[in-house]
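# Understanding the architecture of this molecule
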Amino acid sequence: MLTAKVDEIDRLLGLELGADDYVCKPFSPREVVSRVRTIARRLQQPSTVANDNKLIYRTVTLYTDRYECIANGQRIELTPVEFKMLHGFMSQPGRVFSRDQLMDMSYTDERVVSDRTIDTHVKNLRKKLALYVDGGELIHSIYGIGYKIE
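Residues numbered from 1 in each chain as written. Predicted model: local features only at pLDDT ≥ 70, side-chain atom pairs only at ≥ 80, totals over all residues. Heavy atoms only, no water.

## What about the overall build of the protein chain?
- The number of helices and strands found in the protein chain is 5 helices and 10 strands.
- Relative to the 2.2 N^0.38 estimate, which gives 15 Å for 150 residues, the radius of gyration of the protein chain is 21 Å and therefore markedly larger than a compact globule would have.
- Expressed as lengths along the three principal axes of its C-alpha atoms, the size of the protein chain is roughly 65 × 35 × 30 Å.
- Per-residue burial over the protein chain gives 30% buried out of 150 residues.
- For the protein chain, the accessible surface area stands at approximately 9900 Å², while carbon and sulfur atoms represent 51% of it.
- Charged side chains of the protein chain number 22 positive and 21 negative; the gap between the two group centres comes to 6 Å. (Helix = DSSP H or I, 4+ residues; strand = E, 2+ residues; numbered from the N terminus. Rg over C-alpha atoms; globule rule 2.2 N^0.38 Å. Buried < 20%, exposed > 50% of the residue type's maximum accessible area, 1.4 Å probe, protein only. Areas by Shrake-Rupley, 256 points an atom, 1.4 Å probe, with all protein chains shown as cover. Lys, Arg positive; Asp, Glu negative; His and termini not counted. Charge placed at Lys NZ, Arg CZ, Asp CG, Glu CD.)

Right, dumping it as structure tokens:
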């Protein structure tokens, strides 16, 4: 909201009615531009929606109770390891997971696997998702550290 009303009650009422921000006159045009950019950045960030049975990130939905993955309306067949890995990525978008963390998340039976096995699972997961996800690949490599979804 951009207004001449400066009283606290007016600001509170404006925010309660749904305004993302409240700027009083006189104002600096640069400050208003900065505030608009901040809100625009917040709107552009992909969101993750989760409930007990499903997890949504962009156009990918995981149904955890059915071990099912849907991307852009298409069912994607994932192995249990790929599903657990994708679930971990989607539950914390932007977080970088090391290979060890991905192994712990994907292999709950304490078996010993090579860290290159994780690379293979990520490669397969990327390939499966690329067929149905718009806008390029979701899973990114962070050199020397691991992987993240973005």
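Following the structure, the description resumes.
## Description of the side chain of Glu68
- Looking at where Glu68 falls in the secondary structure, it is placed in strand β6 (residues 68–71).
- Of the residues examined, Glu68 reaches a relative accessible area of 15% and is grouped as buried.
- There is a polar contact of 2.8 Å between the side chain of Glu68 and the side chain of Arg75.
- Leaving out residues up to four positions away in the same chain, Glu68 has contacts with Thr61, Leu62, Tyr63, Arg75 and Phe83. (Polar contact = N/O pair within 3.5 Å; in protein donor to acceptor, adjacent residues only side chain to side chain. Contact = heavy atoms within 4.5 Å.)

## Points about the nonpolar core
- Ranked by internal contacts, the top residues of the largest apolar core, which has 28 residues, are Val60, Leu86, Phe89, Met90, Ile118 and Leu129.
- Where this core is concerned, the elements lending two or more residues are β4 (54–57), β5 (60–63), β6, α3 (80–91), α4 (99–106), α5 (115–130) and β10 (146–149).
- Broken down by element, the residue count for this core peaks at 6 residues, all from α3.
- Dropping the residues within four chain positions of it, Val60 is found in contact with Leu55, Cys69, Ile70, Ala71, Leu86, Met90, Leu129, Val133 and Leu138. (Core = buried A, V, L, I, M, F, W, Y, C linked by side-chain atoms within 4.5 Å.)

## Considerations on the pattern of salt bridges
- Tallying each qualifying case throughout the model produces 10 salt bridges.
- Across the salt bridge formed by Arg35 and Asp21, the nearest N and O atoms sit 2.8 Å from each other. Pair noted here: Arg35 is in helix α2 (residues 29–44) and Asp21 is in the loop between α1 (8–16) and β2 (23–24), with a separation of 14 residues, a long-range link.
- With a relative accessible area of 31%, Arg35 lands in the partly exposed category.
- One salt bridge in this structure joins Arg126 and Glu137, with 3.7 Å as the shortest N-O distance. Of this pair, Arg126 sits in helix α5 while Glu137 sits in the loop between α5 and β9 (139–142), placing them 11 residues apart in sequence.
- When salt bridges that share partners are traced, they join Arg66, Glu68, Arg75 and Glu77 into one network. (Salt bridge = Lys/Arg side-chain N within 4 Å of Asp/Glu carboxyl O.)

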